[in-house]
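# Survey of secondary and tertiary structure
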Amino acid sequence: MQFQSVQFEKAFATLTNEDQQVAETYYHTRSPTRCVRELGRDCSPKTMGKTLQRIARRCGAQSIKDLFAPVDNGKPATTAQLMGLLEKQGYKCALTGMVLTPETASPDHVEPVSCGGSHAPQNLQWVHTTINKMKSTLTQTEFVEFCSKVTAHTHTPV
């Protein structure tokens, strides 16, 4: 994690493990709603927002957004990098292994931009267009979790 200042970083080290975990989850998700989901908390996003505000103030920041350094979105991938990635993947969907054609190939952000993900090559992969629509703004972990639940449910004997 990158902090706005060394003072914030030192103050963060004095927090309880639980508060550190909440702040780290926010750092990766950049969303109180996703924090609730990722941490499995039984609270509203508004309550999580208040918790994040309390954590930020304990570190000397005005808000949780002020605590951390802005996300570095890196340089966007070039066309050549995207084509190289497609070739590296063997012209197959990164999530299903299905063969991709020009009509079915779709670039996808492993970590969605809405969650702080970048357009940099290391955050991109090629997936089937249907998979990309299904994944939408979910992180890769969230998407795979949901797919596992669907598979477990539909393969359970009735």
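Report on the accompanying structure.

What counts and what doesn't
- Residues numbered from 1 in each chain as written.
- Predicted model: local features only at pLDDT ≥ 70, side-chain atom pairs only at ≥ 80, totals over all residues.
- Heavy atoms only, no water.
- Helix = DSSP H or I, 4+ residues; strand = E, 2+ residues; numbered from the N terminus.
- Buried < 20%, exposed > 50% of the residue type's maximum accessible area, 1.4 Å probe, protein only.
- Contact = heavy atoms within 4.5 Å.
- Areas by Shrake-Rupley, 256 points an atom, 1.4 Å probe, with all protein chains shown as cover.
- Lys, Arg positive; Asp, Glu negative; His and termini not counted.
- Charge placed at Lys NZ, Arg CZ, Asp CG, Glu CD.
- Polar contact = N/O pair within 3.5 Å; in protein donor to acceptor, adjacent residues only side chain to side chain.
- Phe/Tyr/Trp six-rings, centres within 6.5 Å; stacked < 30°, edge-to-face > 60°.

## Thoughts on the overall build of the protein chain
Looking only at helices and strands, the protein chain has eight helices and two strands in total. Along its sequence from the N terminus, the protein chain presents helices and strands in the succession α-α-α-α-α-α-β-β-α-α. Expressed along its principal axes, the backbone C-alpha trace of the protein chain runs to roughly 50 × 50 × 20 Å. Across the 158 residues that make up the protein chain, the buried fraction comes to 35%. Partitioning the contacts of the protein chain with sequence separation of at least 6, the portion at a separation of at least 24 is 60%. Taken as a whole, the protein chain presents about 9,800 Å² of accessible surface, with 55% of it coming from carbon and sulfur. Looking at the protein chain, you have 17 positive and 14 negative side-chain charges, and the mean spots of the two groups are 5 Å apart.

## Details of the side chain of S106
Looking at the element boundaries, S106 is found in strand β1 (residues 105–109). A distance of 2.6 Å separates the side chain of S106 from the side chain of N132, its partner in a polar contact. Dropping the residues within four chain positions of it, S106 is found in contact with Q125, W126, V127, H128, T129 and N132.

## Regarding the packing of aromatic side chains
The geometry of an aromatic ring pair comes down to the distance between the two centres and the angle between the two planes. Enumeration according to the criterion identifies three aromatic pairs in this entry. Judged by centre distance (5.2 Å) and plane angle (50°), the ring pair of F3 and F12 falls under tilted. Residue classification places F3 among the buried residues on the basis of a relative accessible area of 13%. Judged by its relative accessible area of 6%, F12 falls in the buried class.

## Focus on the environment of A61
Tracing the backbone through its elements, the reader meets A61 in the loop between α4 (45–58) and α5 (64–67). Taking the C-alpha atoms as reference points, A61 and Q4, 57 residues apart in sequence, are found 9.3 Å from one another. When near neighbours in sequence (up to four residues on either side) are disregarded, A61 contacts F8, A56, D66 and L67.

## Considering the side chain of E142
You can see E142 is positioned in helix α8 (residues 140–154). Separated by 2.9 Å, the side chain of E142 and the backbone nitrogen of T139 make a polar contact. With residues near it in sequence (within four places) discarded, E142 still touches R34, R37 and E38.

By themselves, these are just geometric observations and shouldn't be taken as functional.
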